[in-house]
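# Per-entry structural report
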Amino acid sequence: MKDAAPETAPQAIYLADYTPPSHLVDTVELTFKLHPTATRVISKIAFRPNPLAADKTFYLHGENLDLKWARIDGQDIIPHVTDLGLTAQVPEAPFIWEAEVEISPSTNTALEGLYMSNGMYCTQCEAEGFRKITYYPDRPDVMAVFSVTIEGGEKVKLSNGNDLGDGKWHDPHPKPAYLFALVAGDLVNHPDTFTTMSGREVELNIWVRPGDLEKCAWGMDSLKRSMRWDEEVYGREYDLDLFNIVAVDDFNMGAMENKGLNIFNSSAVLCSPETSTDGNFERIEAIIAHEYFHNWTGNRITCRDWFQLCLKEGLTVFRDQQFSGDVRGHATQRISNVLALRARQFREDNGPLAHPVRPESFVEINNFYTATVYEKGAEVIGMLKTLIGDEKYYEGCDLYFTRHDGQACTIEDWLACFEDVTGRDLTQFKLWYSQAGTPRVKVSEDWNDGTYTLTFAQSTPPTPGQDVKDPKVIPLAVGLLAEDGTEIQPTKICEVTDAVHKFRFPGLSTKPIPSINRGFSAPIIVERDQTNSERAFLLAHDTDPFNKWEAGRALARDVMVRMVTEDTPPDQTYIDALVAVARDDGLDPDFKALCFSGPSNDDIQQALFDGGITPDPTKIYLTGQTLTQSVAEAMQDLLPKIHAEMQIDGPYSPDAGDTAKRSWGNAALSLLSRLDGGAQARRQYETADNMTQQLAALNCLLREEVGETENTAFYDQWKDDRLVMDKWFAMQVLHAKMEKAAPKAVEMTQHLDFAWTNPNRFRAVFGALGGNPAGFHDASGDGYRAMADALITLDAKNPQTTARMTTFFETWARYDADRQGMIREALQRILNTPNLSRDTTEMVTRILGDAT
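Residues numbered from 1 in each chain as written. Predicted model: local features only at pLDDT ≥ 70, side-chain atom pairs only at ≥ 80, totals over all residues. Heavy atoms only, no water.

## A word on the overall build of the protein chain
Along the protein chain, the regular secondary structure elements total 27 helices and 32 strands. Against the globule reference of 29 Å for 852 residues, the protein chain gives a C-alpha radius of gyration of 27 Å, in line with a compact fold. Burial status across the protein chain gives 60% buried among its 852 residues. Pairs at least 24 apart in sequence give 69% of the contacts found in the protein chain among residues at least 6 apart. By element, 50% of the accessible surface of the protein chain is carried by carbon and sulfur atoms, the whole surface being about 32,300 Å². Here the protein chain contributes 82 positive and 126 negative side-chain charges, whose respective centroids are spaced 1 Å apart. (Helix = DSSP H or I, 4+ residues; strand = E, 2+ residues; numbered from the N terminus. Rg over C-alpha atoms; globule rule 2.2 N^0.38 Å. Buried < 20%, exposed > 50% of the residue type's maximum accessible area, 1.4 Å probe, protein only. Contact = heavy atoms within 4.5 Å. Areas by Shrake-Rupley, 256 points an atom, 1.4 Å probe, with all protein chains shown as cover. Lys, Arg positive; Asp, Glu negative; His and termini not counted. Charge placed at Lys NZ, Arg CZ, Asp CG, Glu CD.)

## Description of the nonpolar core
In this structure, Phe 32, Trp 97, Tyr 136, Phe 180, Trp 414, Phe 429 and Phe 456 are the most contacted members of the largest nonpolar core, which totals 150 residues. Among the elements that make up this core, the one with the highest residue count is helix H5 (residues 371–388) (9 residues). Once residues within four sequence positions are removed from consideration, Phe 180 is found in contact with Leu 30, Phe 32, Thr 123, Cys 125, Phe 130, Ile 133, Phe 146, Val 148, Ser 159, Asn 160, Lys 175 and Asn 258. With 58 residues, the next largest nonpolar core counts Phe 714, Val 724, Phe 766 and Leu 827 among its residues. (Core = buried A, V, L, I, M, F, W, Y, C linked by side-chain atoms within 4.5 Å.)

## Some details on the packing of aromatic side chains
The tally for this structure, following the rule as stated, stands at 48 aromatic pairs. When the ring of Trp 756 is compared with that of Phe 762, the centres are 5.8 Å apart and the planes differ by 45°; the resulting orientation is tilted. Its relative accessible area of 24% is what places Trp 756 among the partly exposed residues. Here Phe 762 falls in the buried class, since its relative accessible area comes to 0%. Across the ring face of Trp 296, the terminal group of Arg 236 is positioned such that the distance to the ring centre comes to 4.7 Å. (Phe/Tyr/Trp six-rings, centres within 6.5 Å; stacked < 30°, edge-to-face > 60°. Lys NZ or Arg CZ within 6 Å of the ring centre and 35° of its normal.)

## So, the pattern of salt bridges
Enumeration over the complete set of coordinates arrives at 63 salt bridges. Linking Asp 141 and Arg 139 is a salt bridge whose minimum nitrogen-to-oxygen distance equals 2.7 Å. Owing to a relative accessible area of 23%, Arg 139 belongs among the partly exposed residues under this scheme. With its nearest N and O atoms 2.6 Å apart, the salt bridge here joins Glu 534 to Arg 528. Across this residue pair, the class does not change: Glu 534 and Arg 528 are buried. (Salt bridge = Lys/Arg side-chain N within 4 Å of Asp/Glu carboxyl O.)

## Comments concerning the sheet that holds strand S12 (residues 120–124)
Taken together, 4 strands build an open sheet; the order of strands is S11-S12-S17-S14 and the sheet is antiparallel. In the strand order of this sheet, the two ends are held by strand S11 (113–117) and strand S14 (156–159), each with one partner. Averaged over all pairs of adjacent strands, the angle between their axes in this sheet comes to 20°, without regard to strand direction. Strand direction decides the pairing type here: S11 and S12, joined by 5 bridges, are antiparallel. (Pairing = 2+ DSSP bridges. Axes fitted to C-alpha atoms, helices over the stretch in contact; angles between N-to-C directions.)

## Structural notes on the pairing of strand S3 (residues 23–33)
Examined bridge by bridge, S3 and strand S4 (residues 39–49) share 10 bridges and lie antiparallel to one another. Within S4, the position partnered with Thr 31 by the bridge is Ile 42. Count of turn residues in the S3/S4 antiparallel hairpin: 5 residues.

## Digging into the packing of helix H20 (residues 722–734) against helix H21 (residues 741–748)
In the contact formed by H20 and H21, the axes pass within 8 Å of each other and the chain directions differ by 150°. The angle between H20 and H21 falls in the class roughly antiparallel. Every residue of H21 that contacts H20 at Trp 728, Phe 729, Gln 732 and Val 733 is listed here: Ala 741, Lys 744, Ala 745 and Met 748. In the contact of H20 with H21, the residues fall into 6 nonpolar, 1 polar and 1 charged. (Parallel < 35°, antiparallel > 145°, perpendicular 65-115°, else oblique. Nonpolar A, V, L, I, M, F, W, Y, C, P; charged D, E, K, R; others polar.)

## A short note on the side chain of Ser 630
In this structure, Ser 630 sits in helix H14 (residues 617–634). What Ser 630 contacts, discounting residues up to four positions off in sequence, is Pro 570 and Ile 575.

## A look at the environment of Met 748
Note on placement: Met 748 falls in helix H21. Judged by its relative accessible area of 3%, Met 748 is buried. Taking the C-alpha atoms as reference points, Met 748 and Gly 485, 263 residues apart in sequence, are found 53 Å from one another. Those residues in contact with Met 748, other than ones at most four positions away along the chain, are Trp 728, Phe 729, Gln 732, Val 733, Phe 754 and Val 765.

## Some words on helix H6 (residues 390–404)
Side chains of residues three or four places apart in an α-helix project in the same direction, reflecting 3.6 residues per turn. Under the 1.5 Å per step criterion, the end-to-end length of H6 is 21 Å for 15 residues, consistent within 8% with the ideal 21 Å. Tucked into the core, H6 has its buried residues touching helix H1 (217–234), helix H3 (309–328), H5, strand S25 (408–409) and helix H7 (411–422). (Expected span 1.5 Å × (residues − 1).)

## Focus on the sheet that holds strand S29 (residues 487–496)
Across the sheet, which stays open at both edges, the 3 strands sit in the order S29-S28-S31 with antiparallel pairing between neighbours. Pairing within the sheet leaves two strands with one partner each, and these edge strands are S29 and strand S31 (513–516). Neighbour-to-neighbour, the strand axes of this sheet turn through a mean angle of 25°, independent of strand direction. Relative to the sheet, helix H9 (residues 532–541) contacts strand S28 (474–481) and S31, its axis offset from that of S31 by approximately 70°.

Right under this line is the structure:
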């Protein structure tokens, strides 16, 4: 008999309260008898008491399970069952647990556990989805060897490990339940093989629905290059005979690293030149690398508890960024990574959702798959590598892999390896894992008798639950330039460890111009009085690509802030600097495109807010349009030439060189379309032979409000391709006028091709609404109401996706009283929804903070 769980508020779980599991698991045998609404799961699990556990209470997690029977050592038992799990009296010695449960995959719209996607059975068990499959100690520090039997009429039946035939699978490597995977359905495979550095041949497959085989080649190529890179750079060899990837349409995340059976959102693995942009190709390359790299940093060595999530995710993001830099070019990849970090993580660190890289508590762990854990976690790894050097970094990694293979570990275990190989105390460095917030480093300088002195004063603003912050270890890469642009001090790492730290550079003949935080060596905000002429100088002369770009970005930000606050005209210094970048044949095309991208609406909002000014998203948008128009007019003679020179003859290639040319050419097209009414964009649309060129042209036409014919034609051409249709849905909202963006988003939910149960389609529409700042923040409040209505509707179906989309509201405290009031009203309406999920309740409560 099942007892109902008491209706109490969700309780927080704390890192400080960690206790070892009461029992360990040696082996797990699972039999699945598949049925859309009545799948039977039979489990046979070998338990033994954990000698390290103080509490011996036997408890198994389980949710939405219909328990048919249970046995211990062959004897029927009646456990005490609640909505969240069960307890039972068990022997003090090792024993065998057996049980049978029934679950309904086809009605599982939360997409956690075992569910169905277009007739295909598939699983998602991270973080706590396995408990929706069968009763089990569903925690990452319980690792076991799994054997699986899948029964059913499906053509293809897949699980982790090695294929024993006839639907039977065995994974010899102990793993936690969150890495369990099962897929069954009408699938076809794109096969290949890989020979490891020790000479073993590994069978590779990408499994897809019939009709998608022509979109697998790039994914397979990316996988093989990732496998070779991990061998060459980290010395990590794949350890099974088989590696499978499956493409799934309905998936909450990008992909999942299940041992030997990676499950991917279709958008993260399927591509072709005709249906996918350069950005899609790059994203797929990076995600496949990320999931493969998890084989060692996440699977072979996993997390002791979910508070250690950054141990696997931060490290693996750093590794996939290294890979992408090697493949795509480190300079522009670094800029792209920092753009993403600032757009998502700096915003997170600066608001009510701020939390440490290793959180101290959570209510719902799904809410902590965040930019802080992933991207800031990767920055912490990068700083460690900078501080100790490449040789000691890789030596420490080797020690980590050797010492902890097959274990569930902590941040302390990771750092201890580097302390052991360097002899260095990393206690202060570990503050990066425990303190939330983005450090500010205020820079002052002194010039006296040939000695230049830089003084760095670090501080970190208060964040929720952390008012006072201790000084961190901050590796600042610094270079010095002479007035003629020559470098007089090559890059030097200044290790800032005190609240105020001075560094002297003696023996100089003239006062230098500093280049600080080169390569973005630390995820901080540098505060330094700087003139626009100095920014233009660094944009022209800095030898560090990142700081060269950063100077242009800062110049653009200052120009826009003054235009917004003082109604000044566009600054000619900035425009002239951009023209000089465009004319500089020594700069890479992709670098030029990044220089012309300009600061985002959110960047300007934050800059104004930091300066004590309430930002108006509408005015910022209109100011950005004015500035961009001025840039276009200043370059009217250059733009046709740039666009023509960047066209590529021959077949499409997603390689870095061709991608860079298309990026710069389409940046020029975007500006040119403001001058020629979209004439060149229309010609490009009509002649495009790949999605990058076709979509770039259509975006220009829609922005200029002259693309109705092409928009209809695009839909008619691609209406049967679900991934291209995601792009089309997003464009309708992104290019809607600010006062029409919210109504357009609501209208798109009535479209025949919209599905509330598909996360990709929902994100296409409402991600576009949130990504249209002038529309989302329209003074009418329609954007807030439309988003709240959508999240309320979705929460009953998919709490995880709902909770993650609430972050569009996280900056509400920036705005004027009217906007704040409308946002609070929208959030409170979400919070008051009957039966609101634990996921969404936690997120909205944190966003509202004291205003709840």
